[in-house]
Amino acid sequence: MSLVSLTEESVPDGLIGDAGRLRQILINLVGNAMKFTEQGEIKLVVTPEEMGKDRARIRFSVSDTGIGIPKDQLARIFGAFEQADPSIHRKYGGTGLGLAISSRLVSLMSGRIWAESELGRGSTFHFHAEFPYAEQAAAQPEKIEASGEGSVRQLRILVAEDHPVNQRVIQKLLNIRGHSVTLVPDGEAAVDQWAPGYFDLVLMDLQMPRLDGLQAARAIRAREQDSAAQSRVPIYALSAKAFPEDARECLSAGMDGHLTKPITADALDKVLASVG
Ligand code: ADP
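Because the structure is a prediction, the values reported are computed rather than measured.

K.L.:
Help me understand helix 3 (residues 98-108) in this model?
P.N.:
The periodicity of an α-helix, 3.6 residues per turn, causes residues three or four places apart in sequence to face the same way. Along helix 3, the residues that are buried comprise Gly98, Leu99, Ala100, Ile101, Ser102, Leu105 and Val106. Considering only its buried residues, helix 3 is in contact with helix 1 (19-35), strand 4 (112-118) and strand 5 (122-132). Looking one or two places after helix 3, you find Ser110, whose phi comes out positive at around 55 degrees.

K.L.:
Quick question: what am I supposed to make of the nonpolar core here?
P.N.:
One finds Leu29, Phe60, Phe125 and Phe127 to be the most contacted residues of the largest nonpolar core, which totals 34 residues. Secondary-structure elements contributing two or more residues to this core are helix 1, strand 2 (41-51), strand 3 (55-63), helix 2 (86-92), helix 3, strand 4 and strand 5. Top element by residues in this core is helix 1. It accounts for 6 residues. Not counting the four nearest positions on each side in its chain, Phe127 is found in contact with Leu22, Ile25, Leu26, Leu29, Ile58, Arg59, Phe60, Val106, Arg112, Ile113 and Trp114. The next biggest cluster of nonpolar side chains, apart from the first, holds 23 residues, and it includes Ala190, Val191, Met208 and Val233.

K.L.:
Got a minute to help me understand the site of the ligand in this structure?
P.N.:
Near the ligand, the surroundings consist of 23 residues, among which Asn32, Asp64, Gln83, Thr95 and Leu99 are the closest. Here an oxygen atom of the ligand sits 3.0 Å away from a polar atom, N or O, in the side chain of Lys35. Note that an oxygen atom of the ligand is positioned 3.2 Å from one of the backbone N or O atoms of Gly98. In isolation the ligand exposes 530 Å². Once the protein is present, 99% of that is buried. When residues in the shell around the ligand are grouped by element, the largest group, 4 residues, is from helix 1. Among the residues forming the shell around the ligand, the class breakdown is 11 nonpolar, 9 polar and 3 charged.

K.L.:
Before we go on, may I ask you to explain the side chain of Asp205 in this structure?
P.N.:
Within the secondary structure layout, Asp205 lies in strand 8 (residues 201-205). At 2.9 Å, the side chain of Asp205 forms a polar contact with the side chain of Lys261. When sequence neighbours within four positions are dropped, the list of residues in contact with Asp205 reads Ala160, Glu161, Asp162, Gly213, Leu238 and Lys261.

What counts as what
Residues numbered from 1 in each chain as written. Predicted model: local features only at pLDDT ≥ 70, side-chain atom pairs only at ≥ 80, totals over all residues. Heavy atoms only, no water. Buried < 20%, exposed > 50% of the residue type's maximum accessible area, 1.4 Å probe, protein only. Helix = DSSP H or I, 4+ residues; strand = E, 2+ residues; numbered from the N terminus. Contact = heavy atoms within 4.5 Å. Core = buried A, V, L, I, M, F, W, Y, C linked by side-chain atoms within 4.5 Å. Near = heavy atom within 4 Å. Polar contact = N/O pair within 3.5 Å; in protein donor to acceptor, adjacent residues only side chain to side chain. Areas by Shrake-Rupley, 256 points an atom, 1.4 Å probe, with all protein chains shown as cover. Nonpolar A, V, L, I, M, F, W, Y, C, P; charged D, E, K, R; others polar.

Purely geometric numbers; function is a separate question.
Following this line, the structure appears as structure tokens:
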């Protein structure tokens, strides 16, 4: 599978926008395209749609040659927790939140998002957004959003935790920060959910049924080695106690660090900042 990106020359250089938001939407669309495409091509095309007096409307299109989406599902998938088919979740995982969040971000940029698709042939997701010209922006600084810096990237986080109360706490902490969470109850499910390059972070309880956290981390590292994608997801342990030997064991299992339970917002934010 190849990934191609093409920005038409007529797209002006001097535009102002929120780079963080834009990146988040593109990561989501390209990430989906990669997830649902086994072979062929994923293409991102950027075209100027309308050059107004003080702002330009730019269209971004991400097309793939993947499984496609049934016509009657096309509008629905932009809703929260919607996936095209229950079998999709079984096979590909995911939360059904990515497109809902993208759609909200696009509307914050005075734009619209939509999709075209043919089952078995592929899909194209389009969105357009408006960007003021840089010189216009300089004249009215108060209207301009901070670009990039400071805006938090939405992360896809895999959380493996068997305790229901801990599950709720960590999910809430991550959701209110705008991240998308895939929650699994044991190490084996964590390894099943892992896909090359899909998650930005894995948070892994150490004591879990079936595979424990250390075994699951080792299994994920082994899969990464075997995959062509050359990706390496940061994995942090969620551990009840903070003994130095535990920390050493986590690192030697291929983890990047650990958070001691009960997790504090500060400690979590540090890990999120290191990833985002
Ligand atoms: P998820 O985390 O489930 O991928 P999204 O909101 O990003 O959540 O996508 C919702 C659903 O839309 C997916 O579960 C899938 O059914 C469908 N979908 C999204 N992008 C594509 C694509 N490029 N090809 C096929 N189906 C897609």
